[in-house]
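Observations on chain architecture
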Amino acid sequence: MATAHSRAAARLTMAPAVVLLLGWMLIPLAMTLYFSFLRYNLLMPGTEEWIGTLNYQYFLTDPAFFTALGNTLALVGGVLALTVCGGIGLALLLDQPFWGRGIVRLLVIAPFFVMPTVSALVWKNMLMNPVNGLFAAVARGLGLQPFDFLSEAPLSSIVLIVTWQWLPFATLILLTALQSLDRERLEAAEMDGAGAVDRFVHIILPHLARAMTVVTLIQTIFLLSVFAEILVTTNGGPGNATTNITYLVYSLSLLQFDVGGGSAGGIVAVVLANIVAVFLMRMIGRNLDL
Amino acid sequence: MGEIVLNRITKSFGDVSVIPPLDLTIADGEFVVFVGPSGCGKSTLLRLIAGLEDSSSGAIRIDGKDATALPPAQRGLAMVFQSYALYPHMTVRNNIAFPLKMARMDKAAIDRKVEAAAKVLNLTSYLDRRPGQLSGGQRQRVAIGRAIVREPTAFLFDEPLSNLDAALRVNMRLEISELHASLGTTMIYVTHDQVEAMTMADKIVVLNAGRIEQVGSPIELYNRPCNRFVAGFIGSPRMNIIEGAETGGQAHAIGIRPEHLALSTDSGHWAGTVSVSEHLGSDTFVYVQVDGVGTLVARAGGEFPVRHGDRVWLTPQPDRLHRFDAEGKAL
Ligand SMILES: Nc1ncnc2c1ncn2[C@@H]1O[C@H](COP(=O)(O)OP(=O)(O)OP(=O)(O)O)[C@@H](O)[C@H]1O
Ligand SMILES: [Mg+2]
């Protein structure tokens, strides 16, 4: 694919897909953008009118926005840190030969196939519930006071739930990367006098860098829009403690019926996501051209 | 200093015994080559010495000390792998410096040693490149550089040249031989290329199914192979083996190397028809269908103008005949 001719041919054959994708993306985006400049409240039909950037002013000066921004970053950052570290640990374990490895690998992947709403409900009602939950039962069994996760540490609890869902994905990607590591390279390092820790730091981690970047990128895209887990467990509360940007947009548009304000929030979220994307692309650009 | 002694060493993977009890002594400073057919256990034996595999029983002494239970890093050996096993995310400099960094040597000393090694191996202008930006031969040199900076008691090479093209192989072969001459360190070298074995070795160890068939200098193995396996394995093209009536009854089989068969177009011991003749310029290999014996290969120095279907005569040099008994042992 190096000649000018083949590049032109490649562009031509890609064009239909690109046009379709652009249309698919641009039309909803354009409508949201349009709504964000209107006064558009579902409770007052027929009063739609152009109000300029007023929606943005309200949204960006709303204290709830800053809380939501902080929560979003904490959620994304927390889950990323936990899944990447936990994923590396699990991948290292699952790469060792042990009896029943195939079944254990299958079980580790399982949480990924549970729907977010279902897993959030299971965590809320069966595990974290201070009266009926498993954790409370264990705490009582040990003679401790049960801990009410979702009201005392709501954001951390949601981070935990989302981490549980995404850990299999991270593990799977990192495990495949680990399996592609040349055994002879590890043996060479062993002969060079590198102990287990040095081998991990100097050989295994650099080899996993690319997979870690892929995990980070893909998960960030999904984690910026975590919604079901919050809706099902805390409804964004207590107060605004677990409201992220996605949930804030939802509550503006569909709980306060302010479609204009919600759209402005949506556009702000798109801009923020793009800022994150630029940072990630920078990081990846460095990591991917090894 | 770098003497390596294997005493009744064995290795099995599960139920499969790969190395039956084996004894071998490698003297300090010797260049020893392991040869043998694919799957005979050459790499396994090398990895046992390196400590990358645990022996099932027996003892290994390196440099006078019992090394049977020592981890690879403490055996003081350096290994060059067939796949080079370079660290792709590090520059050439850092690749070569890695073993020194692991030994927690100070920075200035590391730099000095890396520069010195790079100079010996002609890598100075590539020090800041990554392995991915080097040619096969350069990568091989980096792998060797990584081995020599550690100043090991012995070097282990597992088919280090098999990924290189023919011309480069000859070059690298010479470079490794030169390196051995200048360092004087024990080297163990695995190959199934018999030119490498013959040209580089002080001592060749011929392996077959994990057993040592014969140990000796290249010329010893060439002149006095102790059995048919070694006779067939050393020398190219292979030794001609003749069984049946032609042996004259004193032996089960006789063997004669192609270079010890005199070719003639008018008279000789055996008469036959040329099936193929390979003209290399420096030599001519003639495959002759001998009446009542089978196909024999003969080598003539220089150009020998025969073609398919020509009638030729072959005469063996009587003092170069090898005789084997029914078990294949040399008589
Ligand atoms: N990890 C292992 N598990 C089971 N069998 C093994 C293992 N490693 C090697 N073997 C077996 O041991 C035998 C010797 O293997 P080895 O790699 O030493 O051969 P080799 O002489 O180096 O061959 P080649 O010239 O093809 O490299 C082979 O039959 C191989 O199948
Ligand atoms: Mg091998």
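Residues numbered from 1 in each chain as written. Chains lettered and ligands numbered in written order. Predicted model: local features only at pLDDT ≥ 70, side-chain atom pairs only at ≥ 80, totals over all residues. Heavy atoms only, no water.

Residues and elements named next belong to chain B. Strand order in the open sheet made by the 3 strands is 11-12-18, with antiparallel pairing throughout. The sheet is open, and its two borders are formed by strand 11 (240–243) and strand 18 (322–324), each paired with just one other strand. With strand direction ignored, the average angle separating the axes of adjacent strands in the sheet is 25 degrees. Direction of pairing for strand 11 relative to strand 12 (residues 253–256): antiparallel, over a ladder of 4 bridges. Bridge assignment links Ile241 to a residue of strand 12, and that residue is Gly255. (Pairing = 2+ DSSP bridges. Helix = DSSP H or I, 4+ residues; strand = E, 2+ residues; numbered from the N terminus. Axes fitted to C-alpha atoms, helices over the stretch in contact; angles between N-to-C directions.)

All names here are of chain B. Backbone torsion omega between Ser236 and Pro237 reads -5 degrees, so that peptide bond is classified as cis. Mapped onto the elements of the fold, Pro237 is located in the loop between helix 8 (228–233) and strand 11. At Asp63, a position not held by glycine, the phi torsion is positive, near 60 degrees. Along the polypeptide, Asp63 turns up in the loop between strand 4 (57–62) and strand 5 (65–66). We note that Ala209 has phi near 50 degrees; this positive angle belongs to a residue other than glycine. Tracing the chain through its elements places Ala209 in the loop between strand 9 (203–208) and strand 10 (211–216). A relative accessible area of 48% means that Ala209 is categorised as partly exposed. (Buried < 20%, exposed > 50% of the residue type's maximum accessible area, 1.4 Å probe, protein only.)

Before going further, it helps to examine the pattern of salt bridges. The tally for this structure, following the rule as stated, stands at 21 salt bridges over all chains. Of the charged contacts in the structure, one is a salt bridge between Arg104(B) and Asp198(A), with a shortest N-O distance of 2.7 Å. Pair noted here: Arg104(B) is in the loop between helix 2 (92–102) and helix 3 (107–120) and Asp198(A) is in helix 10 (residues 196–223), and the two residues belong to different chains. The closest approach of N and O atoms between Glu53(B) and Lys11(B), which form a salt bridge, is 4.0 Å. (Salt bridge = Lys/Arg side-chain N within 4 Å of Asp/Glu carboxyl O.)

This brings us to the sheet that holds strand 9 of chain B. Residues and elements named next belong to chain B. As summarised here, the arrangement of the 6 strands in space is 6-7-8-3-9-10, forming an open sheet in which the pairing is mixed. Single-partner strands in this sheet number two, and they are strand 6 (77–80) and strand 10. Taken over all neighbouring pairs, the strand axes of this sheet differ in orientation by 15 degrees on average, direction set aside. Inspection of the sheet shows strand 3 (residues 31–35) paired to strand 8 (residues 186–190) by 4 bridges, in the parallel sense. If you follow Val33 over to strand 8, its bridge partner there is Tyr189.

Quick look at the domain arrangement of chain B now. Residues and elements named next belong to chain B. Each domain of chain B was delimited in the assignment, giving domain 1 (4–231) and domain 2 (241–324). Placing the centre of domain 1 and that of domain 2 at their C-alpha centroids yields a distance of 38 Å. In this complex, domain 1 contributes 7 residues to the contact, which on the side of domain 2 involves 10 residues. In total, domain 1 and domain 2 occlude about 680 Å² of area from one another, counting both sides; carbon and sulfur atoms represent 48% of this. It is Tyr222, Arg228 and Ala231 in domain 1 that bury the most area against domain 2; as a group they hold 76% of the surface buried on that side. At the junction of domain 1 with domain 2, the criterion picks out 1 salt bridge. A salt bridge links Arg228 to Glu243, with the shortest nitrogen-to-oxygen separation between them at 2.8 Å. Where the side of domain 1 that touches domain 2 is concerned, the elements lending two or more residues are helix 7 (218–223) and helix 8. The element that contributes the greatest number of residues to the side of domain 1 that touches domain 2 is helix 7, accounting for 3 residues. Here the side of domain 1 that touches domain 2 is composed, by residue class, of 4 nonpolar, 2 polar and 1 charged. (Domains from an automatic or database assignment. Contact = heavy atoms within 4.5 Å. Buried area = accessible area lost by both parts, 1.4 Å probe. Nonpolar A, V, L, I, M, F, W, Y, C, P; charged D, E, K, R; others polar.)

Attention shifts here to the nonpolar core. All names here are of chain B. Ranked by size, the top nonpolar core spans 55 residues in total, and within it Ile4, Leu6, Phe34 and Leu45 carry the most contacts. With sequence-adjacent residues up to four places away left out, Leu45 is seen in contact with Leu6, Ile9, Ile19, Leu22, Phe34 and Leu207. In terms of nonpolar packing, the next biggest core, distinct from the first, is built from 45 residues, Phe31, Leu100, Ala147 and Phe233 among them. (Core = buried A, V, L, I, M, F, W, Y, C linked by side-chain atoms within 4.5 Å.)

Attention now moves to the confidence of the model for chain B. A low pLDDT score tells you not to read the predicted coordinates there in detail. Looking at chain B, pLDDT values average 90 and 100% of them are 70 or higher. For this predicted complex, the interface confidence reaches an ipTM of 0.82, while the overall pTM sits at 0.80. (pLDDT = per-residue confidence, 0-100.)

Moving on, we come to the pairing of strand 1 (residues 4–13) of chain B. Residues and elements named next belong to chain B. Here 7 bridges tie strand 1 to strand 2 (residues 16–26), and the two strands are oriented antiparallel to one another. Note on strand 2: the bridge partner recorded for Val5 is Thr25. Connecting strand 1 to the next strand, strand 2, in antiparallel fashion are 2 residues, including Gly14 with a positive phi near 60 degrees. Pairing analysis gives 5 bridges linking strand 1 to strand 4, with the strands arranged antiparallel. Counted as the bridge partner of Val5 is Arg61 from strand 4.

Turning our attention to the interface of chain B and chain A. Each partner contributes to the interface: chain B provides 24 residues, whereas chain A provides 16 residues. Of the roughly 1700 Å² buried at the junction of chain B and chain A (both faces included), carbon and sulfur atoms supply 61%. Seen at the junction of chain B and chain A, the total is 4 salt bridges. Taking the shortest distance from any N to any O, the salt bridge between Glu187(A) and Arg47(B) comes out at 2.7 Å. In this structure, the connection of chain B to chain A is made through 8 residue pairs in polar contact (both at pLDDT 80 or more). When contributions to the side of chain B that touches chain A are tallied by element, the ones reaching two or more residues are helix 1 (42–50), strand 6 and helix 2 of chain B. Taken together, the residues of the side of chain B that touches chain A break down into 16 nonpolar, 3 polar and 5 charged. (Polar contact = N/O pair within 3.5 Å; in protein donor to acceptor, adjacent residues only side chain to side chain.)

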